Amino acid sequence: MTPSFWLPSASLEQLRARAALYQTLRNFFAQRNVLEIDVPVLAKATVTDPHIDSIVARCGDDDVFLQTSPEFFMKRLLCAGSGPIFSLGKAFRNGEVGRKHNPEFTMLEWYRPGFDDHQLMDEVEALIQQVMPITSVERLSYRDIFQRVLSIDPHSASLETLRALAKQHVELDWDDDNRDTWLDILMTHVIEPQLGEGLVFIYDYPASQCALARIEKDRRGQKVAKRFEAYVKGIELANGYWELTDVQEQAERFKQDQLRRQELNLPNNPSDGLLLDALANGMPDAAGVALGVDRLLMLQQGVDSLEQVLAFPFSRV
């Protein structure tokens, strides 16, 4: 029988569970004196990251963008002296629709002035433990997890080694001269499926994957990006940074992103000049993290698809 697509795909029980989860999240931050803020989802600029595809909208005679996260607006608030803040709202990314992806999704993002990436991992752990039972918690550097699963150091392995390993594990009929392409394939197709049932943090990513995180040297003197990702049952749940605050470095990263987008024949998204103005005014040392609430609810409820926790997924709009 053909389903009635006017109906929600989530049950009433799941809609109630979502409401309860929102209340839990808000209580968590209220107890820690973290201010809930509200920022626009439409803006004239968007992310330049070549791995993220923004959705373009039309407002009057102008192209505008549905924001892929509240990050840039929240950093402007930090620069204006907001103190610790969080946002619970919608974000948008063009691309895959499936078991773990929907173009419109709910994102929890928060920033902690005075925290580094490891202190923020502590808080992410506390939040997840409050939402659902966790069987185990493990923290591993990016190097540690690659050495455990693939017996290589991802920071020093050659392009040829990474390419050969990827093609050994995944059937591929194309090539690429970017080391991060092969590292990403190994992470998503080989390592993530072996992360187990518990909460796993992976931190100290290659400097080339810094995105908006600062770069520091690790204990071995290797330059690494001070960022982390959190996984539960092998599903990526959160992405956090010890934030970059240097305006010149941020401007240079925007420029490099644009060059990479040109190489990949991607749209030349306008970078956010207002964020640069804010950073020039001064941003406090802070760590920030974005967490996928729909995935968190999916894991909490023990279901295997976002459609089971979304009232109206993309297939029903």
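Details of the structure are given in the entry above.
Residues numbered from 1 in each chain as written. Predicted model: local features only at pLDDT ≥ 70, side-chain atom pairs only at ≥ 80, totals over all residues. Heavy atoms only, no water.

Tallying secondary structure elements over the chain gives 9 helices and 12 strands in all. A compact globule built from 317 residues would reach a C-alpha radius of gyration of about 20 Å, and the chain, at 20 Å, matches this within 12%. Its C-alpha atoms put the chain at 50 × 50 × 40 Å along the principal axes. Taking all 317 residues of the chain together, the buried fraction comes to 48%. Considering only contacts within the chain whose residues lie at least 6 apart along the sequence, 67% involve residues at least 24 apart. Of the roughly 15,400 Å² of accessible surface on the chain, a fraction of 49% belongs to carbon and sulfur atoms. Looking at the chain, you have 33 positive and 47 negative side-chain charges, and the mean spots of the two groups are 2 Å apart. (Helix = DSSP H or I, 4+ residues; strand = E, 2+ residues; numbered from the N terminus. Rg over C-alpha atoms; globule rule 2.2 N^0.38 Å. Buried < 20%, exposed > 50% of the residue type's maximum accessible area, 1.4 Å probe, protein only. Contact = heavy atoms within 4.5 Å. Areas by Shrake-Rupley, 256 points an atom, 1.4 Å probe, with all protein chains shown as cover. Lys, Arg positive; Asp, Glu negative; His and termini not counted. Charge placed at Lys NZ, Arg CZ, Asp CG, Glu CD.)

The subject of this paragraph is the sheet that holds strand β3 (residues 55-59). The strand order across the open sheet built from 3 strands is β2-β4-β3, with neighbouring strands paired in antiparallel fashion. Bordering the open sheet on either side are β2 (42-43) and β3, each of which pairs with just one other strand. (Pairing = 2+ DSSP bridges.)

Looking now at unusual backbone geometry. In this structure, Asn33 is a non-glycine residue whose phi angle is positive, near 55°. Within the secondary structure layout, Asn33 lies in the loop between α1 (12-30) and β1 (35-36). Here the phi dihedral of Lys233 falls at roughly 55°; this positive angle occurs in a residue that is not glycine. For Lys233, the position within the fold is in the loop between β10 (223-232) and β11 (235-242). For Lys233, a relative accessible area of 41% corresponds to the partly exposed category.

A word on the pattern of salt bridges. Counted according to the given criterion, the structure contains 20 salt bridges. The salt bridge involving Arg32 is made with Glu123; its shortest N-O contact spans 3.7 Å. Placement of the pair is Arg32 in the loop between α1 and β1 and Glu123 in helix α3 (residues 117-131), with a sequence separation of 91 residues. Salt-bridge contacts for Asp63 lead to Arg58; the nearest nitrogen and oxygen are separated by 2.8 Å. A relative accessible area of 46% means that Asp63 is categorised as partly exposed. Residue Arg58 is classed as exposed on the basis of its relative accessible area, which comes to 55%. One continuous salt-bridge network, built from bridges that share partners, spans Arg32, Arg112 and Glu123. (Salt bridge = Lys/Arg side-chain N within 4 Å of Asp/Glu carboxyl O.)

It is worth spelling out a nonpolar patch on the surface at this point. On the surface, Val97, Phe312, Phe314 and Val317 cluster together to form a nonpolar patch covering roughly 420 Å² of accessible area. Its place among the elements puts Phe314 in the segment after α9 (293-301). We classify Phe314 as partly exposed; its relative accessible area is 47%. (Patch = residues over 30% accessible without salt bridge, like charges linked within 9 Å, V, L, I, M, F, W, Y side chains within 5 Å.)

Before going further, it helps to examine the packing of aromatic side chains. Here the structure, examined in full by the defined rule, presents 8 aromatic pairs. On the basis of an interplanar angle of 35° and a centroid distance of 4.7 Å, the ring pair of Tyr142 and Phe146 is categorised as tilted. Of this pair, Tyr142 and Phe146 both sit in helix α4 (residues 142-150), 4 residues apart, which is roughly one turn of the helix. The same class applies to Tyr142 as to Phe146, namely buried. (Phe/Tyr/Trp six-rings, centres within 6.5 Å; stacked < 30°, edge-to-face > 60°.)

What follows concerns the side chain of Gln258. Inspection of the secondary structure puts Gln258 in helix α7 (residues 247-263). Residue Gln258 is classed as buried on the basis of its relative accessible area of 13%. The residues contacting Gln258, other than those within four sequence positions of it, are Thr48, Asn268, Asn269, Pro270 and Ser271.

Another point: α7. Compared with the 24 Å implied by 1.5 Å per residue over 17 residues, the 25 Å span of α7 between its first and last C-alpha is a close match. Those residues of α7 that fall on the buried side of the exposure criterion are Val247, Gln250, Arg253, Phe254, Gln258 and Arg261. The arc enclosing the buried residues of α7, seen along the axis, measures out at 140°, which places them on a common side. In α7, the exposed positions angled more than 90 degrees off the buried face are occupied by Gln248 and Glu263. If you follow the buried residues of α7, they end up packed against α2 (71-79), β9 (215-217) and α8 (273-281). Among the residues of α7, the N-terminal cap falls to Asp246, whose side-chain oxygen and the backbone nitrogen of Gln248 are separated by 2.9 Å. Immediately downstream of α7, the backbone of Asn265 shows phi near 60°, a positive value. (Expected span 1.5 Å × (residues − 1). Arc of directions from axis to C-beta. Polar contact = N/O pair within 3.5 Å; in protein donor to acceptor, adjacent residues only side chain to side chain.)

Applying the stated criterion across every chain yields a total of 1 cavity of 30 Å³ or more. Here the largest cavity defines a volume of roughly 40 Å³. Contributing to the lining of the largest cavity are Val47, Gln67, Thr68, Ser69, Glu71 and Phe72. (1 Å grid on protein atoms, 1.4 Å probe; cavity = no way out; pocket = protein on both sides within 12 Å on 5 of 7 lines; lining within 4 Å. Points joined across faces, edges and corners; volume = space filled by probe spheres on them.)

We now examine the pairing of β3. Pairing of β3 with strand β4 (residues 62-66), which is carried by 5 bridges, proceeds in the antiparallel orientation. Residue pairing across strands places Ile55 opposite Leu66, the latter belonging to β4. Counting the residues in the hairpin turn of β3 and β4 gives 2 residues, including Gly60, whose phi is positive at 65°.

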